[in-house]
Amino acid sequence: MHEGLPTQLPDIDPDETTDWLDSFDSLVDERGRERARYVMLRLLERAREMQVGVPALRSTDYINTIPPEREPWFPGDYEVEQRIRAFIRWNAAVMVSSANRKGLEVGGHIATYQSSASLYEVGFNHFFRGKDAAPENGAGGGDQIYIQGHGSPGIYARAFLEGRLEEQQLYRFRQEVQHGRGEGLPSYPHPRLMPDFWEFPTVSMGLTALNSIYQARFNRYLHNRNIKNTADQHVWAFMGDGEMAEPESLGAIRVAAREELDNLTWVVNCNLQQLDGPVTGNGKIIQELEANFRGAGWNVIKVVWGQGWDALLARDVDGVLVNRMNNTTDGAFQTYSTEDGAYVRDDFFGSDPRLRAMVEHMSDSQIQKLPRGGHDYRKVYAAFDAAAKHVGQPTVILAKTVKGWTIDALEGKNATHQMKKLTQDDLKKFRDRLYLPISDRDLERSYEETGTAPFFHPGKDAPEIEYMLERRRQLGGSVPQRVQRAKPLVLPGDKVYSALKKGAGTKSMATTMAVVRLLRDWMKDPGIGQRIVPIAPDEYRTFGMDSMFPSAKVYNPGGQKYESVDRKLLLSYKEAKDGQMLHEGISEAGAMASATAAGSAYSTHGEHMIPFYIFYSMFGFQRTGDSIWAMADQLARGFLIGATAGRTTLTGEGLQHADGHSPLLAASNPAIVHYDPAFAYEVAHVMQSGLERMYGEQAEDVIFYLTVYNEPVAQPAEPDDVDVEGILRGVHRVSSGEGDGPSVQLMASGVAYPWIKDAARMLAEEWGVRADTWSVTSWNELARDAVASEDWNLLHPEEPQRTAYVADKLSGHDGPFVAVSDYMAAVPLQIARWVPGDYCVLGADGFGFADTRPAARRYFRIDAQSVVVRALRALADAGEIDPGVVTKAYEQYRIDDPTAVAGVAQEGGDA
C-alpha cells in the first residue's frame, strides 16, 4: 500500500494509481534515482505540452533550456559579426583605460561590457528595432532598450564604428565640461546629458527592472486605449545578476506576469560576480533566479553552456555530468574561470571516474576553453529568438558569462570591477586574443604619447562596417536613439480655471479637492482629456477621486471579470481594458515607474501623455526620490501631487505620515518645480502654468510638484488685481495692514496661510501692530531665482547687476519679516539671505506624532498665537515696542502649553 501526502482530491481509480506508483518504484530500484528523475522531468514536460494543469517546476537542471536540436538556424555572417565584436570590445576597453591615464583618472568600468558583448551584439544585429522599423500589423515605433549602466563603453564603441560618435569623443569619456558641453561622453546612460542618444537612465541599480516592467505595461496601456498601436514594440532590459539583489529588481515581477507582458524580455548577465566578489559563492544565482521567475509566472530561458559542452552532455548517459553541474557552487565556477585546464580537469571532472573518462580525449587547453553560454553567439541567438516569439508571458534570459571575458588581466577576478587601466602588456595580450591588426610599434608609440592604446576602426568602407550598418538599416536605424516627435497639445483656455478662481464662497475647501476638481475638468477637455494619466497607489478614495471610477474607469488589460461589491452605489469601482486610471496598488515605486513611462511618452512614442500622480506627500520624495531623480534624467514631464502634505495636517496618522521636508527634497532635484499653494485660485494659475511649460509650444523638460492639503480652509475669490507673476515666481502680497502702529511682514505657504491671517488680525486688534500678509507659493523657486541672479552677476561683472525677485518684491515694506511653515524651518530659511530686513522663521522641526491639528501646531509653536509672539519679539528686538509686551503676550497665549488651545481634548471629555 502506497502512502503519500494527504489530499482532498478523491482517487476515482485506486488500482490504476497503485500501478503507476509500483512502476515508478521499480524504475527507482532497477535504474536508479537519476534515471527516475529524468523520466519524471520528461513526464512533467510532456504534461505541460499536453496542457495538463500540473504545477511548474521552480527550477530545472543547470543546463541550457534550449537543447541543441531545437536551436534555430543562425541567419547572420558569424565570422563578420565576431570581428565586429572584437572591434567593439577593444575600443570599449581602450576608452576606459584612456580615461584613467596619468593625471586624468576619472574612473569607468571595463569588465562589465566584456562579459556581455555577445548578448548586446546579438540584439543589435538581429533583434533591436529602431525608430524607423518597417511597421508590422500596422504598428511601428521601434523597441525600447534598457542598457546596463556599467556597459555604456561598449555602446559608445559601437556608435563610434557606426559613425555616430567621433574618436575624439571616445578620448573624452567622462570629461563633459573641460572640453565644452557635448564634446565628451557621460559615464553612464544619461538622457539629460545626451538627449539625442540615450533613452533611459539605468545606472541606479534596480530601477531598470522596475521601470522596464512599467514601460512594457504602459505600451499596452497606450494600445488598449487606442492612443497608439504598440503591438510590435518590444522592451529589452539588460541587468546584472548582482543587481537582482536590489528590492526594486524583483519587487514587481508579478505585475509583468499577471498582465502577460510578452512584450518584455529581461537579459540578466550572470557573470556570478557583483562589485567586490561572488554574487552567491556558496550557491547558484542562476538557479535562485530561475526559481524566483518561474514562481512568479515568467518564461525562463537559461543559457548556461556553450557549444563545446554539447558533445559532453550527449555522452552523459548516467546523468553524472549534469549532477556535477547541479552541485558545483558559483564560487567554484568563478575559480575555474581563472585557472588552467589541468586544474579544471582535476577538480571538476576528477571527482568521478566517469567524468574523467568523458574528457580524456581533450587537452588541458581545450578544457580551459570550454565556453559559458553567454559568450556563445548561437546559443544567445537561440534564446533571443525564443524570447521574441514567446506568447503570454514575459521572458527572462539568464546568461552565464565571465566578468572581464577576453582580457586576461581581468577575467573572473574579484577585483575586476575596480580595475580601470590596462598596461601595455595587458593590451598586447588583449589585442592578440582579438586578432586585431595593431602592431606593437603603433601600440607602444600611442601608449608613450597619450598614455593609452589607439582606438581601432577598419575604415568606413570595410565589410564589417558595411555589414553592421546594413543590419541596422534593416532593423530601422541605430539604437539607442532618442527622438522627440510629439507635437504641442492644444491646451484648454482660461474658462476651465474659472471655477477655482471664484473661490468656495462661505464653504471651506481643501487644496487637494481644488486640484482634483481641476483634474476632472481637464479630463473633459477635447484637447488634453484623453492624454491625462491619473495614477495613484491605492488611495484614489482618500483623495476624493472615486467619482472618476464610473466614467474614466481603472485600467485592467483583462477588463472586469467580477461584479463589484459596491456595484449598486453611484460611485462604484469599475475596471476596463481601456480604463484611464492607473491603480498601482500599494506601490509608490510602481506608480513612479508609470509616471516616468507616461511622462516620457512624447519621446518614446511620439505621443504626449500627462501623468498626474497623486500620493501621500511623505511617501513621494522620501520613499521614491531615486525614481524621481531618474524620471528627471529621462526628461519626463508631468504632475506629481503630494497630497495630505505638511507635518500637522494629517491628524492622527503619526510620525511616518507627517511630511515636514518634501520641499527640501524637491529642491535637491533641478528638474522639479515645486509649489505650495494656499488658495484655489493659486492652484489654478500654477496648474495652468505647468501645462503650458511642459506641453505648450516651448515645452520644458521639468516636472511640477504641488503639495496640497486635506484640511478644509476658506477659499476666497481671486482678487481683481491678482498678482499672477508673483504667484508663479513664488510670492505675492495678499493683504495690507492698516493703522499707525509698528509694522511687520508675515509670510506663509500652503496650509499655514490661515495662521498668519489670524495672527495679523490678533496683532492689529490686541497689540496695535500693522501686519501685511504674503502667500509664498514657492520657497524653492524664490531661492533658485536668487542663486541664479548671483551666478549671473558673477559671470557678467561689466553689466548691470541683477537682484533676486524676492528681494525686489519685499523691498520697501516696513518692519521685520516673520515666516511660518508647516514644514521644517529650513524650507523658508532658503531665502533668508535675500530678505531685505530682519528675518525670523517658525517651522515644524522634529518628528511628527498623532494628535489634533491645534495641539500639534501649538507643540511646534507654529500656530497663530506663536506667530504673534514671534512677531512681537522681532519688533522688540528692533526697538519698535517695549520688551514687556512680548512677555505679556507669551503669558497670555501660553504658547509653551499644547493643552492651552481650542480643540485639545481634556481628560474625561471630548475636544
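Caption draft 1: Molecular detail of the overall build of the protein. Along its length, the protein carries 35 helices and 20 strands. Once the C-alpha set of the protein is aligned to its principal axes, its extents read approximately 105 × 85 × 50 Å. Buried positions account for 56% of the 911 residues belonging to the protein. Contacts in the protein between residues at least 24 apart in sequence constitute 76% of all its contacts with a sequence separation of at least 6. Of the roughly 38,600 Å² of accessible surface on the protein, 48% is carried by carbon and sulfur atoms.

Caption draft 2: View of the sheet that holds strand β2 (residues 235–240). Sheet architecture is open: five strands sit in the order β1-β2-β3-β5-β4, paired in parallel fashion. Pairing within the sheet leaves two strands with one partner each, and these edge strands are β1 (144–146) and β4 (299–303). On average, adjacent strands in this sheet sit at an angle of 15 degrees to one another, irrespective of strand direction. Pairing analysis gives six bridges linking β2 to strand β3 (residues 264–270), with the strands arranged parallel. By the bridge assignment, A237 is partnered in β3 with W266. Strands β1, β2 and β3 of the sheet are contacted by helix α7 (residues 207–224), whose axis makes an angle of about 170 degrees with β2. Strands β2, β3, β4 and β5 (395–400) of the sheet are contacted by helix α17 (residues 377–389), whose axis makes an angle of about 175 degrees with β4.

Caption draft 3: Region of interest: a positive patch on the surface. On the surface, K502, R517, R520 and K524 cluster together into a patch of positive charge. Note on placement: R520 falls in helix α22 (residues 511–523).

Caption draft 4: Examining the environment of Q634 more closely. Following the sequence through the fold, Q634 ends up in the loop between α26 (621–633) and β12 (638–643). Sequence separation of Q634 and G590 is 44 residues, and the distance between their C-alpha atoms is 16 Å. If we skip the residues at most four places from it in the chain, Q634 touches P191, E199, F200, P201, R482, T596 and S600.

Caption draft 5: Representation of helix α34 (residues 864–877). Taking 1.5 Å as the rise per residue, α34 with 14 residues should run 20 Å; its terminal C-alpha atoms sit 20 Å apart, in good agreement. In terms of residue burial, α34 counts as a mostly covered element, since 10 of its 14 residues are buried. Listing the buried residues of α34 in full gives A864, S866, V867, V868, V869, A871, L872, A874, L875 and A876. As for α34, its buried residues are in contact with β17 (743–748), α30 (753–767), β19 (817–820), β20 (839–842), α33 (853–860) and α35 (883–893). Phi turns positive, to about 80 degrees, at G879, one or two residues after α34.

Caption draft 6: Main features of the environment of A536. As for its placement among the helices and strands, A536 is situated in strand β7 (residues 532–536). A relative accessible area of 0% means that A536 is categorised as buried. Separated by 47 residues in sequence, A536 and H583 have C-alpha atoms that sit 5.5 Å apart. Those residues in contact with A536 that sit more than four places away from it in its chain are L582, H583, E584 and I614.

Caption draft 7: Quick peek at the environment of Q114. Examined against the element boundaries, Q114 turns out to sit in helix α4 (residues 111–126). Here Q114 falls in the buried class, since its relative accessible area comes to 0%. The spatial distance from the C-alpha of Q114 to the C-alpha of E411 is 9.2 Å, given a sequence separation of 297 residues. With residues up to four places along the chain from it excluded, the contact list for Q114 reads R89, A92, A93, H375, G404, W405, T406, I407 and F430.

Caption draft 8: Structural detail: the sheet that holds strand β10 (residues 582–583). The parallel open sheet is built from six strands, whose spatial order is β10-β7-β11-β12-β14-β13. Across the chains shown, the open sheet's two edge strands, defined by having one partner strand only, are β10 and β13 (672–675). Across five bridges, the pairing between β12 and strand β14 (residues 703–707) is parallel. Across the sheet, F639 pairs through a bridge with F704, a residue of β14. Strand contacts of α26: β12, β13 and β14, with the helix running at about 160 degrees to β14, the strand carrying the most contacts.

Caption draft 9: Inspection of the packing of α4 against helix α5 (residues 152–161) at higher detail. One way to put it is that α4 packs onto α5 with a least axis distance of 10 Å and a crossing angle of 45 degrees. The orientation of α4 relative to α5 falls into the category oblique. Judged by the sense of rotation from one axis to the other, the crossing of α4 with α5 is right-handed. Contacts between α4 and α5 involve Y113, Y120, E121, F124 and N125 from the first element and G154, I155 and R158 from the second. For the contact of α4 with α5, the residue count by class is four nonpolar, two polar and two charged.

Caption draft 10: Region of interest: the packing of helix α3 (residues 78–99) against helix α20 (residues 463–475). At a closest axis distance of 10 Å, the pairing of α3 and α20 adopts a crossing angle of 100 degrees. With respect to each other, α3 and α20 are oriented roughly perpendicular. Touching V80, E81, R83, I84 and F87 of α3 are E464, Y467 and M468, all from α20. Split into classes, the residues belonging to the contact of α3 with α20 amount to five nonpolar, no polar and three charged.

Caption draft 11: Just the side chain of D772, in detail. Along the chain, D772 turns up in strand β18 (residues 770–776). The buried category is assigned to D772, whose relative accessible area is 9%. A polar contact is formed between the side chain of D772 and the backbone nitrogen of G737, at a distance of 2.8 Å. Those residues within four positions of D772 in sequence are excluded, and the remaining contacts are R733, S735, S736, G737, V744, Q745, L746 and H813.

Caption draft 12: View of helix α13 (residues 330–338). All buried positions along α13 are accounted for by D330, F333, Q334, Y336 and S337. Taken end-on, α13 shows its buried residues confined to a sector of 155 degrees, consistent with a single buried face.

Caption draft 13: Quick look at a nonpolar patch on the surface. On the surface, F24, M40 and L43 cluster together to form a nonpolar patch covering roughly 250 Å² of accessible area. Examined against the element boundaries, M40 turns out to sit in helix α2 (residues 33–49).

Caption draft 14: Inspection of unusual backbone geometry at higher detail. With an omega of 0 degrees, the peptide bond running from V479 to P480 counts as cis. Mapped onto the elements, P480 comes out in the loop between α20 and α21 (498–501). Here the phi dihedral of L272 falls at roughly 70 degrees; this positive angle occurs in a residue that is not glycine. With respect to the helices, strands and loops of the structure, L272 is situated in the loop between β3 and α10 (285–296). Even without glycine at this site, D538 takes up a positive phi of about 65 degrees. Among the structural elements, D538 can be located in the loop between β7 and α23 (549–552).

Here is what the cut-offs are and how they apply
- Residues numbered from 1 in each chain as written.
- Predicted model: local features only at pLDDT ≥ 70, side-chain atom pairs only at ≥ 80, totals over all residues.
- Heavy atoms only, no water.
- Helix = DSSP H or I, 4+ residues; strand = E, 2+ residues; numbered from the N terminus.
- Buried < 20%, exposed > 50% of the residue type's maximum accessible area, 1.4 Å probe, protein only.
- Contact = heavy atoms within 4.5 Å.
- Areas by Shrake-Rupley, 256 points an atom, 1.4 Å probe, with all protein chains shown as cover.
- Pairing = 2+ DSSP bridges.
- Axes fitted to C-alpha atoms, helices over the stretch in contact; angles between N-to-C directions.
- Patch = residues over 30% accessible without salt bridge, like charges linked within 9 Å, V, L, I, M, F, W, Y side chains within 5 Å.
- Salt bridge = Lys/Arg side-chain N within 4 Å of Asp/Glu carboxyl O.
- Lys, Arg positive; Asp, Glu negative; His and termini not counted.
- Charge placed at Lys NZ, Arg CZ, Asp CG, Glu CD.
- Expected span 1.5 Å × (residues − 1).
- Parallel < 35°, antiparallel > 145°, perpendicular 65-115°, else oblique.
- Left-handed = near helix turned anticlockwise from the far one by under 90°.
- Nonpolar A, V, L, I, M, F, W, Y, C, P; charged D, E, K, R; others polar.
- Polar contact = N/O pair within 3.5 Å; in protein donor to acceptor, adjacent residues only side chain to side chain.
- Arc of directions from axis to C-beta.

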